[in-house]
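What follows is the residue order along each chain.
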Amino acid sequence: MSDNLIQEQIKQDYAYGFVTDVESVQAPKGLNKEVIQFISKQKNEPAWLLEWRLKAFERLQSMTEPNWQKPQYPKINYQDLYYYSAPKSFKEGPKSLDEIDPEIKKTYEKLGIPLNEQKRLAGVAVDAVFDSVSVGTTFKKKLEEIGIIFCSISEAVQTHPELVKKYLGSVIPLTDHYFATLNSAVFTDGSFVYIPEGVRCPMELSTYFRINASNTGQFERTLIIADKGSYVSYLEGCTAPMRDENQLHAANVELIALDDAEIKYSTVQNWYPGDKEGKGGIYNFVTKRGICKGKNSKISWTQVETGSAITWKYPSCILQGDNSSGEFYSIAITNNYQKADTGTKMIHLGKNTKSRIISKGISAGHADNTYRGLVSIHPKASNAKNYTQCDSLLVGNLCGAHTVPYIDNKNSTSTTEHEATTSKISEEQLFYCKQRGLNQEEAVSLIVNGFCKEVLQKLPMEFAVEAQKLVSISLEGSVG
Amino acid sequence: MLSIEKLNVSIGDKKILKDFNLKIGKGEVHAIMGPNGSGKSTLSYVLAGKDGYDVNGKIMFKNENIIDLEADERAQKGIFLAFQYPIEIPGVFMNNFLKTSLNAVRKAKGQKEVDIVEFLSLVKQHAKKLGIKEEQLGRALNVGFSGGEKKRNEVLQMSLLEPELAILDETDSGLDIDALKVVADGVNALRSPNRSFLIITHYQRLLDYIKPDFVHVMVNGAIVKTGCSKLAQELDKIGYKEFQKSV
Amino acid sequence: MNTITDIKEVNELRVLSLNLFNKNGYPTKKDEDWKQSTLNNFLENNKQLPVYKNNKELINEKVLENFKHNKIFIVNGLIQRTEFEGKDKDKIIISPIDEYYKSNSKNLLKLFSNKKNQLIAVNNALATSGFYLEIKDNLDLPIIIYHQFNSVIDAKQLHQKNYIVINKNSKATVFEKFTNDNKKSFISINTNIDIQNNAHLKNYLINSNNIENCIYRFKKVNIEASANYESFIFSNIIKTIRDEVEINLTESLAECYLYYAQFLKNNEDHEIKVKINHLAENTQSYQFSKSIIDGTAKGVYQGKIFVDQIAQKTNGYQIIKSVLLSDQCTFHSKPELEIYADDVKCSHGSSSTSLNKDELFYLMARGIPEDQAKKLIVQGFLSEVVEKISDEHFKNYFLKKTVDMLA
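Residues numbered from 1 in each chain as written. Chains lettered and ligands numbered in written order. Predicted model: local features only at pLDDT ≥ 70, side-chain atom pairs only at ≥ 80, totals over all residues.

## What to know about the overall build of chain C
- Helix and strand content of chain C: 7 helices and 19 strands.
- In terms of overall dimensions, chain C has C-alpha extents of about 70 × 50 × 50 Å along its principal axes.
- Here the contacts in chain C between residues at least 6 apart in sequence split such that 83% fall between residues at least 24 apart. (Helix = DSSP H or I, 4+ residues; strand = E, 2+ residues; numbered from the N terminus. Contact = placed C-beta atoms within 7 Å.)

Structure below.
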């Protein structure tokens, strides 16, 4: 296979790069107390929340951006960003799905996200976030009947302030690190989920994030609480229009699992990755952390990261309850000039806690892909077990694949196991497939999908297909 | 020789053996057959003294209750377990391991420990009978051994240690017919009026080569039927379903 | 003494390094490379140790090995005596490092590099001792370097700089035996090793009987075409040691094999840091480390494989295993890969566990008492690394050490 052909195959266009033409209400440019007060006022927030935001803002003044990561990026001018942008028609907030601006509805249709309950994906409730605000949540009624709260976080602040107040910032403290603190100061919207004791959520819950307005940072905040013995599976998807400038996305996601509860959190991230020369694209600097607070609880992160100019995130688990377990399944594909530095932290505090990490990194073009992870077994975490596997696949010799695991074991009854490999698609594998009648593209797609299989299998059915397509599209035929 | 009385074994909340009783006389060969999950392997582990089980009841071996003894003490008293899955221990070499084991057992019996020269001639003699290559004795314990080699290695250890009670846990699993015959011949050669055998197996196949005096059917952690070697052949035809129903 | 100050070029380099150190100070936990290092504590508490001025010292003859070998005695950093056997006499050149500086003053920059590392900067600035060793042809016998540090250096710091060159097509085995009879001293040894085309160096080292002192050993090894480097470090009964190596596989078919076995007890700390740079095609590296950790001991392994864009057809393997025996011991590992070439095979595996209960049961079921069974497993666990040593004589030597260590 010639190099030209490889180049052609790698050039896959971003299908979600259109801009929706809606009038929007924006906070004045820049980051200051007034903007935060503006956001808070727009959302009619209680005083304690404004105070909380301002505390974060004050703290932010003495903090600096972390700089230990592999992907470097030009300095972000935080004063040159809009921190709040809402479609004008939503100033009052949508009362029902019927009130949604038809333009926005069209956007979601183009993205394949149905906001119309009649044309829904089977069994998926969707909360859609457009720039900074939630535009509508489907299936709300049906979920309410069994006590599940699924709404935008702005709404939850109004309707369930006690829950928000109790758990907001309980996993990612106000002072955690620069981007998390920035989010606490200016977060605009996001999803809120509460699953009551003993309830198994009967459908997948889903949020779609869309950055539309230019020069806008997206700072959403998601809070999921699974009460004792409950179960929920949650999925987020993300897209953004093509723009020449980089856009910042700094979300915070907090998960809380109480006794015997289980949260499954899946992400299919397909933010605009920038063009072939590395111009534009989203900076995806997200903080995701879950705590297995109760005994026998479980948190499972699954992520398929194909977009963004820079992906920099570590969905993590604090395994506090005895017998709790954490999982992290990840596929990160970087192409062209994309960069990813992603992985997880598994903090074992309780007895008999288990963690499992499966990471698959694929680099092509000029991209750089780093797995970075921490497995920490504290002295009191007797009989803790960890298994980690990170595999990297390189496509072409202009890209890089890196593995940076930290493994700290401080308990002699605990076990850690770590395996990592780096390889390319071998001539032998390709030959074997071709000999069985597959062409180059089919063979590569088959092998890459095989490489990712363990992770793809962890996605909810409805999204596995989409993810599989994304994997194939990103790399089809790019190996010679 | 061995008398098990009201043996109850569980892991956590899960009961595995329930009021299990069995008597094995000197020189007798007993076979225990049963479906997967009936507790056969647990029985062999508990007899050999593996940790991690809640054990209640009596295990009388040569008129002594051994229930509180450690695994090495039981081995020194003459109980040998041929493992279903012999473990691989990289870096621990066969010769060194066999010699250490042999001398520990001999010491406990009040016999003289063997030196390296005596040991090598002894082990070679036994290995030859079982068709074990000398090269294998220089390798790490069970590392890179085929299924057949591992099982043969178990029989080699049995013949070296000369136990009074040998427990064979699924020794036939994973063996082809030729290897099965070699292993069975090795076991038969060790049969003597002073040595008892407890053979745990799934299929009747092994019992074609090693004729048992008694056959027990084990279902759900207890013996549900006892008979002579004919029972094994019957079982092969009708399966375990009948017995499972009655429980 | 201090002949080094006579050489202008050296002096300039030393001043440069000293300024650099004065600017950055000792490493702290905030430095990524020193995060888990226990050297930090020692240096923090012993900042003002006086620098030892070299002198003629007595050789401790008790530690001589009783097989035939070439001997080099280095006491407190200075060459005190050498004894080379038969034809090997003509193949070995050894001199104090400052003599090498004098005759090669144009060639020094390389020996004073690595200024990013603060402790190397200190070594560059303060090293007053060390040796230059050149091997000109295949040696018949191994060389044993007896590194002896005695109580004269109690509560002092000593910096040593060595340079070893293995000439084209030569083969040599160099065994470094360290004995320490000193307290509260800080010893830093910085050794550059050049292995020229098609040369082979087997470099074995034993860390032992090290009471209450702190050792930082840094080796930088350049390996040329078809040359190879095999190293084995055995550590038992130590206090605080950091063994660091940076390997440059600079030309095709260069290979390195790094083996480590350690049994740490009480409050012993051993930290291993490895960086392997694959800089040319068809190069190969292999790391294999096994640790048994007991008491309140701490083991650290930081290993990084870097593969340059041009280093196609590279193989890099790394296996790190540890067994934790007590409630209070810890093990930290960071097996890192940084890869920029696509046609490579690199892998790493790291595990830390307690003693395998199934193995213990198997041995006990064969009549072996628990204590003895544990020793067998520990010894077997470590000997798996020792078995990798390609020199039969030293393989057996170290196998015996693993047995003696448990006696």
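## Remarks on the overall build of chain B
- Along chain B, the regular secondary structure elements total 10 helices and 12 strands.
- At 18 Å, chain B has a C-alpha radius of gyration in line with the 18 Å of a compact globule built from 247 residues.
- Reported as C-alpha extents along the three principal axes, the dimensions of chain B are approximately 55 × 40 × 35 Å.
- Across the 247 residues in chain B, those meeting the buried criterion constitute 43%.
- Once local pairs closer than 6 in sequence are excluded, the contacts in chain B between residues at least 24 apart make up 71%. (Rg over C-alpha atoms; globule rule 2.2 N^0.38 Å. Buried ≥ 20, exposed ≤ 12 C-beta atoms within 10 Å, placed from the backbone.)

## Here's the deal with the interface of chain C and chain B
- Tallying the contact residues gives 19 residues for chain C and 23 residues for chain B.
- Of all the elements, helix α6 (residues 370-386) of chain C adds the most residues to the side of chain C that touches chain B, at 8 residues.
- Here the side of chain C that touches chain B is composed, by residue class, of 9 nonpolar, 4 polar and 6 charged. (Nonpolar A, V, L, I, M, F, W, Y, C, P; charged D, E, K, R; others polar.)

## Remarks on the sheet that holds strand β3 (residues 29-33) of chain B
Residue and element names in this part refer to chain B.
- Within the open sheet, the 6 strands sit side by side as β6-β9-β10-β3-β11-β12. Their pairing is mixed. Each of the sheet's edge strands pairs with one partner strand only, and the pair in question is β6 (79-82) and β12 (222-227). Within this sheet the neighbouring strands show an average axis-to-axis angle of 20°, counted without direction.
- Where strand β11 (residues 214-219) meets β12, 5 bridges bridge the pair, whose relative direction is antiparallel. Counted as the bridge partner of His216 is Thr226 from β12.
- Each of β6 and β9 (165-169) touches helix α6 (residues 147-161); the most contacted strand, β6, lies at about 170° to it. (Pairing = 2+ DSSP bridges. Axes fitted to C-alpha atoms, helices over the stretch in contact; angles between N-to-C directions.)

## Overview of the sheet that holds strand β5 (residues 64-65) of chain B
Residues and elements named next belong to chain B.
- One open sheet holds the 4 strands; their spatial order is β2-β1-β4-β5, and the pairing between them is antiparallel. If you trace the sheet from one side to the other, it starts and ends with β2 (14-24) and β5, each paired once.
- As paired elements, strand β1 (residues 2-11) and strand β4 (residues 54-61) share 7 bridges and run antiparallel to each other. By the bridge assignment for β4, Ser10 is matched with Asp54.
- Strands in contact with helix α1 (residues 40-48) are β1, β2 and β4; relative to β2, the strand with the most contacts, it is inclined by about 70°.

## Overview of the interface of chain A and chain C
- Contacts between the two partners involve 27 residues from chain A, matched on the other side by 32 residues from chain C.
- When contributions to the side of chain A that touches chain C are tallied by element, the ones reaching two or more residues are β21 (385-395), β22 (400-409) and β23 (415-423) of chain A.
- Sort the elements by how many residues they give to the side of chain A that touches chain C and β22 of chain A lands first, with 10 residues.
- Split into classes, the residues belonging to the side of chain A that touches chain C amount to 8 nonpolar, 14 polar and 5 charged.
- Bridge analysis of β23 of chain A against strand β19 (residues 344-353) of chain C gives 7 bridges, and the strand direction is antiparallel. The partner of Thr421 of chain A across the bridge, within β19 of chain C, is Ser347 of chain C.

## Observations regarding the environment of His348 of chain A
Residue and element names in this part refer to chain A.
- In this structure, His348 sits in strand β18 (residues 339-348).
- Judged by C-beta crowding, with 33 C-beta atoms within 10 Å, His348 ranks as buried.
- Distance from His348 to Gly326, taken between C-alpha atoms, is 9.3 Å for residues 22 residues apart in sequence.
- Leave out the neighbours within four places in its chain, and His348 touches Leu319, Thr353, Ser355, Ser376, Ile377, His378, Ala381 and Ala384.

## Topic: the nonpolar core
- Val193, Ala226 and Ile263 of chain A together with Ile167 of chain B are the most contacted members of the largest nonpolar core, which totals 276 residues.
- With 8 residues, the single largest contributor to this core is α6 of chain C.
- Not counting residues up to four positions away in its chain, the partners in contact with Ala226 of chain A are Ile195, Tyr231, Val232, Ile256, Ala257, Leu258, Ala261, Glu262 and Ile263 of chain A.
- Of all hydrophobic cores here, the second largest spans 22 residues; its members include Leu39, Tyr52, Tyr216 and Ile238 of chain C. (Core = buried A, V, L, I, M, F, W, Y, C linked by C-beta atoms within 7 Å.)

## Regarding the packing of helix α1 (residues 8-24) of chain C against helix α4 (residues 118-126) of chain C
Residues and elements named next belong to chain C.
- Two elements in contact, α1 and α4, have axes separated by 8 Å at closest approach and are oriented at 140°. For α1 against α4, the interelement crossing comes out left-handed. Taking contact as the criterion, the partners of Leu13, Arg14, Ser17, Leu18, Leu20, Phe21 and Asn24 in α1 are, on α4, Gln118, Ala121, Val122, Asn124 and Ala125.
- In the contact of α1 with α4, the residues fall into 7 nonpolar, 4 polar and 1 charged. (Left-handed = near helix turned anticlockwise from the far one by under 90°.)

## Some thoughts on the pairing of strand β20 (residues 368-377) of chain A
All names here are of chain A.
- With 9 of its 10 residues buried, β20 lies for the most part within the structure.
- Pairing between β18 and β20: 10 bridges, direction parallel. When the bridges of β20 are listed, Ile347 appears paired with Ser376.
- Bridge count for β20 against β22 is 10 bridges, and the pairing is parallel. Looking at β22, one finds that Asn369 is bridged to Ala401.

## Topic: the environment of Asn40 of chain C
Residues and elements named next belong to chain C.
- Within the fold, Asn40 resides in helix α2 (residues 39-45).
- Measuring from C-alpha to C-alpha, the distance between Asn40 and Ile320 comes to 24 Å, with 280 residues separating the pair along the chain.
- Those residues in contact with Asn40, other than ones at most four positions away along the chain, are Pro27, Thr28, Lys29 and Trp34.

## With respect to helix α4 (residues 116-129) of chain B
- For α4 of chain B, which comprises 14 residues, the first-to-last C-alpha distance of 20 Å matches the rise-based estimate of 20 Å (1.5 Å per residue) to within 8%.
- Phi for Gly131 of chain B, located one or two positions after α4 of chain B, is positive at around 70°. (Expected span 1.5 Å × (residues − 1).)

## Looking at the pairing of strand β10 (residues 214-223) of chain C
Residues and elements named next belong to chain C.
- A large share of β10 lies buried, amounting to 10 of its 10 residues.
- Both strand β8 (residues 186-195) and β10 contribute to a ladder of 10 bridges, which runs parallel. Along β10, the bridge assignment pairs Asp194 with Asn222.
- Pairing of β10 with strand β12 (residues 240-249) involves 10 bridges; the strand directions are parallel. Within β12, the position partnered with Ile223 by the bridge is Leu249.

## Re the packing of α6 of chain C against helix α7 (residues 392-406) of chain C
Residue and element names in this part refer to chain C.
- Where α6 contacts α7, the two axes come as close as 10 Å, and the packing angle between them is 155°. The orientation of α6 relative to α7 falls into the category roughly antiparallel. At the point where α6 passes α7, the crossing takes the right-handed sense. Where α6 approaches α7, its residues Lys375, Val378, Gln379, Leu382, Ser383 and Val386 are matched on the opposing element by Lys395, Phe398, Leu399, Thr402, Val403 and Leu406.
- Class assignment of the residues belonging to the contact of α6 with α7 gives a composition of 7 nonpolar, 3 polar and 2 charged. (Parallel < 35°, antiparallel > 145°, perpendicular 65-115°, else oblique.)

## Points about unusual backbone geometry
- The phi torsion at Asn323 of chain A lies on the positive side, around 60°, for a residue other than glycine.
- Note that Asn323 of chain A resides in the loop between β16 (316-319) and β17 (325-334).
- Of note in the backbone geometry, Asn198 of chain C takes a positive phi value of approximately 55° without being a glycine.
- Summarising the element assignment, Asn198 of chain C is placed in the loop between β8 and β9 (200-208).
- Taking the number of C-beta atoms within 10 Å as the measure of exposure, Asn198 of chain C has 15 and is therefore partly exposed.

## Focus: α1 of chain B
Residue and element names in this part refer to chain B.
- Within α1, 8 of the 9 residues are buried, which leaves the element mostly enclosed by the surrounding structure.
- Regarding α1, the residues found buried are Lys40, Thr42, Leu43, Ser44, Tyr45, Val46, Leu47 and Ala48.
- Gly49 lies just past α1 and shows a positive phi near 95°.

## Here's the deal with the environment of Thr353 of chain C
- With respect to the element layout, Thr353 of chain C can be found in strand β19.
- A count of 18 C-beta atoms within 10 Å places Thr353 of chain C in the partly exposed class.
- As for Thr353 of chain C and Leu324 of chain C, which are separated by 29 residues in sequence, their C-alpha atoms are 6.1 Å apart.
- Excluding anything up to four places from it in sequence, Thr353 of chain C contacts Thr415 of chain A together with Val323 of chain C.

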